[in-house]
Amino acid sequence: MDDIAALSYEEAFGQLEDLVAQLETGELSLEQSVALYALGRRLSAHCQNLLEQAELKIRQVEEDDA
């Protein structure tokens, strides 16, 4: 897995979707499921952070235009 911090939103979200699909199969061991869940939490946090940064930029642009 690449460094999560270096991923774009689209890349991280795509990897998160892949993890969810793997988890939903029910074919993984408990250990594998826990590891993927932990990775998914990190990907989700990264996506959330990127969305918050984008929202902040939008607010700044709106304030500059006001």
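In what follows, the accompanying structure is described. Quick caveat, the model's predicted, so the values are computed rather than measured.

1. What about the packing of aromatic side chains?
Alright, step 1. The full count for this structure, using the stated rule, is 1 aromatic pair.
Alright, step 2. Ring geometry for Y9 and F13: centres 5.8 Å apart, planes at 15°, overall stacked. Of this pair, Y9 and F13 both sit in helix α1 (residues 9-25), separated by 4 residues, roughly a single helical turn.
Alright, step 3. Its relative accessible area of 27% is what places Y9 among the partly exposed residues.
Alright, step 4. With a relative accessible area of 34%, F13 lands in the partly exposed category.

2. Thoughts on α1
Residues lying three or four places apart along an α-helix face the same way, a consequence of the helix completing one turn every 3.6 residues.
Alright, step 1. Taking 1.5 Å per residue, 17 residues should reach 24 Å; α1 reaches 25 Å between its end C-alpha atoms and fits that length.
Alright, step 2. Within α1, burial applies to A12, Q15, L16 and L19. Down the axis of α1, the buried set is contained in an arc of 105°. They therefore lie on one face. Seen from the buried face of α1, the exposed residues on the opposite side, beyond 90 degrees, are E10 and E24.
Alright, step 3. Lining the buried residues of α1 we find α2 (30-65).
Alright, step 4. Residue G26 follows α1 closely and has a positive phi angle near 75°.

3. Side note on the environment of C47
Alright, step 1. When you line up the elements, C47 lands in helix α2.
Alright, step 2. Since its relative accessible area comes to 5%, C47 is described here as buried.
Alright, step 3. Setting aside its immediate chain neighbours within four residues, C47 contacts Y9, A12 and F13.

4. Comments concerning a negative patch on the surface
Alright, step 1. A surface patch of negative charge is lined by E62, E63, D64 and D65.
Alright, step 2. If you trace the backbone, E63 turns up in helix α2.
Alright, step 3. According to the relative accessible area criterion, E63 is exposed, its value standing at 60%.

Conventions used here
- Residues numbered from 1 in each chain as written.
- Predicted model: local features only at pLDDT ≥ 70, side-chain atom pairs only at ≥ 80, totals over all residues.
- Heavy atoms only, no water.
- Phe/Tyr/Trp six-rings, centres within 6.5 Å; stacked < 30°, edge-to-face > 60°.
- Helix = DSSP H or I, 4+ residues; strand = E, 2+ residues; numbered from the N terminus.
- Buried < 20%, exposed > 50% of the residue type's maximum accessible area, 1.4 Å probe, protein only.
- Expected span 1.5 Å × (residues − 1).
- Arc of directions from axis to C-beta.
- Contact = heavy atoms within 4.5 Å.
- Patch = residues over 30% accessible without salt bridge, like charges linked within 9 Å, V, L, I, M, F, W, Y side chains within 5 Å.
- Areas by Shrake-Rupley, 256 points an atom, 1.4 Å probe, with all protein chains shown as cover.
- Salt bridge = Lys/Arg side-chain N within 4 Å of Asp/Glu carboxyl O.
- Lys, Arg positive; Asp, Glu negative; His and termini not counted.
- Charge placed at Lys NZ, Arg CZ, Asp CG, Glu CD.

Distances and angles like these do not, on their own, reveal function.
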